[in-house]
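Residue-level listing of the chains:
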Amino acid sequence: MDTKELLKKVRKIEIKTRRLSDHIFGGEYHSTFKGRGMTFSEVRQYQFGDDVRNIDWNVTARTNEPHIKVFEEERELTMMLMVDVSGSELFGTKNQFKDEIVTEIAATLAFSATQNNDKIGLILFSDQIELYIPPKKGRSHVLRIIRELLEHESKSKNTNIAEGLKFLSNVMKKKAIVFVLSDFVGDDYKQNLKIASGRHDITGIRVYDKHEEAIPNIGMVQMEDVETGEMMLVNTGSKKVRQDYSKFYNEKVSYFKDSFAKSGAGVIDCRVDESYVKKLLGYFKRR
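Residues numbered from 1 in each chain as written. Predicted model: local features only at pLDDT ≥ 70, side-chain atom pairs only at ≥ 80, totals over all residues. Heavy atoms only, no water.

Caption draft 1: Layout of the side chain of Asp-84. Structurally, Asp-84 is set in strand 3 (residues 78-84). The charged side chain of Asp-84 is buried without a salt bridge, its nearest counter-charge being Lys-98 at 7.6 Å. A distance of 2.8 Å separates a polar atom in the side chain of Asp-84 from a polar atom in the side chain of Ser-182. (Helix = DSSP H or I, 4+ residues; strand = E, 2+ residues; numbered from the N terminus. Buried < 20%, exposed > 50% of the residue type's maximum accessible area, 1.4 Å probe, protein only. Lys, Arg positive; Asp, Glu negative; His and termini not counted. Salt bridge = Lys/Arg side-chain N within 4 Å of Asp/Glu carboxyl O. Polar contact = N/O pair within 3.5 Å; in protein donor to acceptor, adjacent residues only side chain to side chain.)

Caption draft 2: Representation of the nonpolar core. Grouped together as the largest cluster of nonpolar side chains are 45 residues, with contacts concentrated most on Leu-81, Ile-105, Leu-109, Leu-122, Ile-146, Phe-179 and Ile-205. The dominant element in this core, judged by the number of residues it contributes, is helix 3 (residues 98-115), at nine residues. Excluding its chain neighbours within four sequence positions, the residues that come into contact with Ile-205 are Ile-105, Leu-109, Phe-179, Val-180, Leu-181, Ser-182, Phe-184, Ile-268 and Leu-280. Listed in part, the 20 residues of the second largest apolar core include Met-172, Leu-193, Ala-196 and Ala-265. (Core = buried A, V, L, I, M, F, W, Y, C linked by side-chain atoms within 4.5 Å. Contact = heavy atoms within 4.5 Å.)

Caption draft 3: Main features of the sheet that holds strand 6 (residues 177-182). Spatial strand order, 5-4-3-6-7-10: six strands in an open sheet with mixed pairing. For this open sheet the edge positions go to strand 5 (129-136) and strand 10 (266-271), each flanked by a neighbour on one side alone. Neighbour-to-neighbour, the strand axes of this sheet turn through a mean angle of 15°, independent of strand direction. Taken together, the six bridges between strand 6 and strand 7 (residues 201-208) define a ladder with parallel strand orientation. (Pairing = 2+ DSSP bridges. Axes fitted to C-alpha atoms, helices over the stretch in contact; angles between N-to-C directions.)

Caption draft 4: Highlighting the pairing of strand 7. Buried residues dominate strand 7, accounting for eight of its eight residues. Judged by which residues are buried, strand 7 turns out to be covered on both faces: Asp-201, Thr-203, Ile-205 and Val-207 on one side and Ile-202, Gly-204, Arg-206 and Tyr-208 on the other are all buried. For the segment spanning strand 6, helix 6 (residues 190-199) and strand 7, crossover handedness is right-handed. Sheet topology places strand 7 next to strand 10; six bridges connect them, and they run parallel. When the bridges of strand 10 are listed, Val-207 appears paired with Cys-270. (Right-handed = clockwise from strand over helix to strand, strands pointing away.)

Structure, rendered in structure tokens:
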């Protein structure tokens with residue numbers, strides 16, 4: 001992609017997603033996440049009705065009187081966008097590929113955070129960390145993030161969500177609002193998600209194409225595994241082949257939903273031919 005074409009694409013995405021974030025998501029994002037970032041302010045004596053979870057046991061033991069920690073709302077929050085750039089994100093059958101929708105969702109969220117004067121960072125991952133942009137504020141920073149999402153060429157076609165979450169836990173010591181954008185075809189990330197969710201406010205946004213859910217019966221077809229590059233002849237006329245694929249796909253989706261639910265993290269399912277605007281808005285309003 002040449003520079004002129006890239007800038008044109010960035011501008012197009014900015015116009016579309018900025019309008020959405022200004023008119024729809026700015027207020028919703030703020031009311032959903034404000035007050036989630038709390039910073040320690042002072043210690044005072046316990047009063048009837050105070051939350052016992054905030055008791056400072058060290059001060060209480062030292063003074064022989066119960067004391068609680070007082071927190072104040074942080075004026076600014078940090079949003080981290082974790083984006084899966086592995087081979088399976090290049091799948092698409094109707095108008096748009098998954099990675100295009102992912103870029104638009106990420107841009108909309110980033111502009112919503114900018115409206116709130118929050119910092120935004122980016123982690124691009126496959127089965128390794130491909131790019132890390134530390135959190136910063138401002139429009140030019142968001143445009144850089146969009147440019148990277150559009151221009152990045154993945155080093156690997158494989159996915160390792162656990163690796164991305166591990167990196168997040170290592171690099172982000174303060175609480176952040178984290179959106180993980182992927183098709184979540186991987187597994188074995190439950191433990192890392194649990195650890196990361198203990199510190200951060202995490203939401204998994206699963207972006208998928210309806211044609212991934214089931215294989216149609218169209219006879220013998222040559223297919224490529226987008227993550228391994230392996231070509232294979234598949235008999236889609238076989239009921240067992242179709243059932244095995246459906247079982248595999250449904251297991252991945254169940255693992256995603258179960259892992260996020262048990263970690264106390266949020267989930268959004270977004271099909272490429274559905275409105276991600278409605279999905280995000282519905283999610284913010286439910287929170």
